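# Overview (structure and organization)
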Amino acid sequence: MAEPSFLPWPPAPIHTARLVLRESESRDRPAFIELFASPEVNAYLGGARPRDELAQEVPEIPGRRPGHFVIELDGAMIGTVELKRRDLEGADAIRPEAGKAELGYLLLPTAWGRGYAAEACAAVLDRFAATCPGEPVVVFTRTANTPSMRLAEKLGFTGIHRFEAWGAEQWMGVRPPAA
């Protein structure tokens, strides 16, 4: 049986200075397809997927699962942020002692460089800290993805492990529990 989500679900929307983080809706489907089909977004994630394949596979309401938020700016989806439970039982579990919660995010290239990822991730991390005090959070990225590593460090993550996987060097960071 799967463990329950870290965060109450469905979520109450999280409002930041510029963004709304909310549960996915059917109107978000085109933006999800754009995220998965974008060569820029998927440069460090195994590559883009063909749009025609995605059009057939992406559900009517994509991304509707515990811990997964749509990042909305001015009424439109610009990306996603997720806080999920890591699988710590599998043979490929990396540093299970570091924590059960894993942060991930994707933004459309048109939203890059404006601080939206930092704003959205910080808001989800704040909600997590309030809901699960004392729990650390981990994040993974390729070492070649320097913008993602800079963001992780800005959010309070410290590198604890480097390893080879998926044909490239990976970086694992941990954010200690909020004081």
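Residues numbered from 1 in each chain as written. Predicted model: local features only at pLDDT ≥ 70, side-chain atom pairs only at ≥ 80, totals over all residues. Heavy atoms only, no water.

Another point: the overall build of the protein. The secondary structure content of the protein amounts to 4 helices and 8 strands. Along its sequence from the N terminus, the protein presents helices and strands in the succession β-β-α-α-β-β-β-α-β-α-β-β. For the protein, the C-alpha radius of gyration of 16 Å lies close to 16 Å, the compact-globule estimate for 179 residues. Oriented by its inertia axes, the alpha-carbon framework of the protein measures out at about 40 × 40 × 35 Å. Among the 179 residues that make up the protein, the fraction classed as buried is 45%. The contacts in the protein between residues at least 6 apart in sequence include a share of 62% that link residues at least 24 apart. (Helix = DSSP H or I, 4+ residues; strand = E, 2+ residues; numbered from the N terminus. Rg over C-alpha atoms; globule rule 2.2 N^0.38 Å. Buried < 20%, exposed > 50% of the residue type's maximum accessible area, 1.4 Å probe, protein only. Contact = heavy atoms within 4.5 Å.)

Counting buried residues along strand β3 (residues 68–73), 6 of its 6 residues qualify, which places the element largely inside the surrounding structure. Burial along β3 is two-sided: His68, Val70 and Glu72 and Phe69, Ile71 and Leu73, pointing in opposite directions, are all buried. Both strand β2 (residues 20–22) and β3 contribute to a ladder of 3 bridges, which runs antiparallel. Bridge assignment links valine 20 to a residue of β3, and that residue is glutamate 72. As defined by bridge partners, β3 adjoins strand β4 (residues 76–85) across 6 bridges and the pair is classed as antiparallel. Opposite valine 70, over in β4, you have threonine 80 as the bridge partner. (Pairing = 2+ DSSP bridges.)

Every buried residue belonging to helix α4 (residues 146–154) is among Ser148, Met149, Leu151 and Ala152, and all of these are buried. Summarising the axial view, the buried residues of α4 lie within an arc of 160°, below the 170-degree limit, and thus occupy one face. For α4, the exposed residues lying more than 90 degrees away from the buried face are Arg150 and Lys154. Taken from the residues just after α4, glycine 156 is the one with a positive phi, measuring 100°. (Arc of directions from axis to C-beta.)

Counting residues in hydrophobic clusters, the biggest one holds 33 residues, and the most contacted among them are Leu103 and Phe157. Elements with a contribution of two residues or more to this core: β3, β4, β5 (101–107), α3 (116–131), β6 (137–142) and α4. It is α3 that contributes the most residues to this core, 9 residues altogether. Apart from residues lying up to four places away in sequence, phenylalanine 157 is in contact with Leu103, Leu125, Val137, Val138, Val139, Ala152, Trp171, Gly173, Val174 and Arg175. Membership of the second largest hydrophobic core comes to 8 residues, among which are Ala31, Leu35, Met77 and Leu108. (Core = buried A, V, L, I, M, F, W, Y, C linked by side-chain atoms within 4.5 Å.)

Here we take up the confidence of the model for the protein. It should be kept in mind that the predicted coordinates are not to be read in detail where pLDDT is low. On average, residues of the protein score 92 in pLDDT, and 96% of them reach the 70 mark or higher. No element of the protein has a lower mean pLDDT than strand β7 (residues 158–165), at 93, and none a higher one than β2, at 98. (pLDDT = per-residue confidence, 0-100.)

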